[in-house]
Amino acid sequence: MTTSSSLWQPFTVGRVELAHRLALAPMTRSRAKPDGAPGELAAAYYGQRASLGLIITEGTQPSEDGQGYLNTPGIHTPEHVEGWRKVADAVHAGGGALLIQLMHVGRMSHPDNTPHHRLPVAPSAISAEQDMFTATGPQQTPVPRELSADDIQATIADFRHAAASAVAAGADGVEIHGANGYLLHQFLSPNANHRTDEYGGSLENRSRFVVEVARAVAEEIGADRTGIRISPAFPLGGIDEGDAGSVRAQYRHLVGELATLNLAYLHVHHLGDDELLRSLRDVWPTAVLVVRYGRTREQIADDIDAGLADIAPLGRFALANPDLVERLRTGDPLNEVDPTTLYGGGATGYTDYPALART
């Protein structure tokens, strides 16, 4: 065994009892069917990785407006529910628990990539000014349509409906994507949110939409089946949350408000401000998951050993190694990721990474 013994201690996250402290981090793979339903390959992919225990899926749009990229899955139609039911069955057959990540991309979209071909929506009519891959090549994200007060309530209802649909599909819960430059993160960021109503201006107002989405989802399916992901200071999708002091104030307020909901977990996509991470950990009442870029195999348990996290979700290691848990236990070498097959395509680079040969 080449990793810390703390990884192999059991833990409970919400309703899910885990045999260890690993999880599958959410990773976009862009292999959904044209209607947004996950296919048979998705069931195989997630089922192969079920030994990771807590299986958090790729970002899954809660509505047509929520789609940003080609071939990403949804969870808002009966066809989506049927597709995800096969994934849930495969994960459960392997002893894992499935959490579907609800990802509304907001302004990080292009009309060519959505079923209705409408402008993307956002807290304010401010373009992300990012290149977006479309079927006809890269195009810049357009100026989005600003959500009205009624639109905001409808979007919250979309999250509620998507969470109910996830549970109807057999998922064990959902993760709300409040990170990585997407819609919830856009509301938090002063350079993307220029609203003058109760959803903009002060850090308390900028936090309101995120808290209301989380509250609605928790009311719909149970707080113990609801996690949320944040990424303080991550400059993705044109986001600029200001200096370290501003970021700390924003997220300490936000996480303090979310803590009152007693959600199943807080998932932090961590850029490196350990002082902030410690302060969030201190106020959060349940499980904390932490992902850091660039961790080596030997560093996977560092945040757990330091008391900063309970669970260490893994991305690329898990993508290329369907039997990652076994490899970490035994010290066997890891497969390397093929970066040319990360997004789109078929089985190659998706379900064909080899497991260890055992006699």
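Heads up: the structure comes first, above all this text.
What comes next is a walk through the structure.

About the criteria used
Along each chain, residues carry numbers from 1 onward, in the same order as the chain's sequence is written. The model is predicted, so local features are restricted to residues of pLDDT at least 70 and side-chain atom pairs to those at 80 or more, both for listing and for counting; the totals for chains, interfaces and linings are taken over all residues. Here the side-chain values reflect all heavy atoms present in the structure, with hydrogen atoms and water set aside. Here's how the labels work: a residue is buried when its accessible area is under 20% of the maximum for its type, exposed when over 50%, partly exposed in between, all with a 1.4 Å probe on protein chains only. Think of it this way: any DSSP run of H or I at least four residues long counts as a helix, any run of E at least two long counts as a strand, and we number them from the N terminus. Note on pairing: DSSP must find at least two bridges between two strands before they are called paired. Consider the strands pointing away from the viewer: the crossover is right-handed when the path from the first strand over the helix to the second runs clockwise. When a carboxyl oxygen of Asp or Glu is within 4 Å of a side-chain nitrogen of Lys or Arg, the pair counts as a salt bridge. Expected span of a helix: the number of residues minus one, times 1.5 Å. It is the directions from the helix axis to the C-beta atoms that the arc portrays. Contacts are assigned to residue pairs with any non-hydrogen atoms lying within 4.5 Å of each other. With axes taken as lines fitted to C-alpha atoms, and helix axes fitted only over the stretch in contact, angles between N-to-C directions fall between 0 and 180 degrees. The criterion is simple. A nonpolar core is a set of buried Ala, Val, Leu, Ile, Met, Phe, Trp, Tyr and Cys residues joined through side-chain atoms within 4.5 Å. Here is the rule: rings of Phe, Tyr and Trp (six-membered ring for Trp) pair when centre to centre is within 6.5 Å. Planes less than 30 degrees apart are stacked, more than 60 are edge-to-face, and the remainder are tilted.

As a further point, take the pairing of strand β5 (residues 97-102). Counting buried positions along β5 gives six out of six residues, so the element sits mostly inside the fold. Of the two faces of β5, the one carrying Ala97, Leu99 and Gln101 and the one carrying Leu98, Ile100 and Leu102 are both buried. Here strand β4 (residues 54-60) pairs with β5 via five bridges, running parallel. What sits directly across from Leu54, in β5, is Ala97. A crossover connection joins β4 to the parallel β5 through helix α2 (residues 78-93); in handedness this β-α-β unit is right-handed. Alignment of β5 against strand β10 (residues 173-177), held across four bridges, turns out to be parallel. Bridging from a neighbouring strand, Gln101 pairs with Glu175 of β10.

Counting across every chain of the model gives 16 salt bridges. In this structure, Asp197 engages Arg195 in a salt bridge whose closest nitrogen and oxygen atoms are separated by 2.8 Å. By relative accessible area, which is 25% here, Asp197 ends up partly exposed. The exposure class of Arg195 is buried, given its relative accessible area of 7%. Arg248 serves as the salt-bridge partner of Asp273, at 2.8 Å between the closest nitrogen and oxygen. Here Asp273 is found in the loop between β12 (265-270) and α7 (274-283), whereas its partner Arg248 is found in helix α6 (residues 244-259), with 25 residues between them in sequence. Take Asp273: its relative accessible area is 22%, and that puts it in the partly exposed class. Here the residues in one salt-bridge network are Arg248, Arg252, Asp273 and Glu275, joined through shared partners.

Right, let's get into α6. Taking 1.5 Å of rise per residue, 16 residues should cover 22 Å, and α6 covers 22 Å from first to last C-alpha, within 8% of that figure. For α6, every residue scored as buried is listed here: Val247, Gln250, Tyr251, Leu254, Val255, Leu258 and Ala259. The arc enclosing the buried residues of α6, seen along the axis, measures out at 155 degrees, which places them on a common side. Looking at the buried side of α6, the elements it contacts are α4 (183-188), α5 (203-221), β11 (226-230), β12 and α7.

Right, let's get into the sheet that holds strand β13 (residues 287-292). The eight strands are arranged β13-β12-β11-β10-β5-β4-β3-β14 in an open sheet whose pairing can be described as parallel. With partners counted over all chains shown, the strands left at the sheet margins are β13 and β14 (312-314), one partner each. Averaged over neighbouring strand pairs, the angle between their axes works out to 25 degrees when direction is ignored. Sheet topology note: the β11/β12 ladder contains four bridges and is parallel.

This part is about the nonpolar core. Counting 82 residues, the largest nonpolar core has Leu22, Leu98 and Phe209 as the members making the most contacts within it. No other element matches α5, which puts nine residues into this core. Each residue touching Leu22, except ones within four places of it in the same chain, is listed here: Leu7, Trp8, Leu52, Leu54, Ile300, Ile311, Ala312, Leu314, Val325 and Leu328. In terms of nonpolar packing, the next biggest core, distinct from the first, is built from 13 residues, Val16, Leu54, Ala97 and Tyr265 among them.

Structurally, the position occupied by Val255 is in helix α6. Taking C-alpha positions, Val255 is 31 Å from Val325, a pair spaced 70 residues apart along the chain. Ignoring anything within four residues of it in the chain, the contact list for Val255 reads Ile230, Leu266, Leu280, Val283 and Trp284.

With that settled, the discussion passes to the packing of aromatic side chains. Aromatic ring pairs are described here by two measures, namely the spacing of the ring centres and the angle between the planes. Applying the stated criterion across every chain yields a total of seven aromatic pairs. Measuring from centroid to centroid gives 6.5 Å for Phe187 and Tyr199, while their planes differ by 75 degrees, and the two rings are edge-to-face. Here Tyr199 lies in the loop between α4 and α5 and Phe187 lies in helix α4, a separation of 12 residues in the sequence. Taken individually, Phe187 and Tyr199 each receive the classification buried, so the pair is uniform in this respect. Clustering of aromatic rings is evident, with ring pairs tying together Tyr45, Tyr46, Trp84 and Tyr350.

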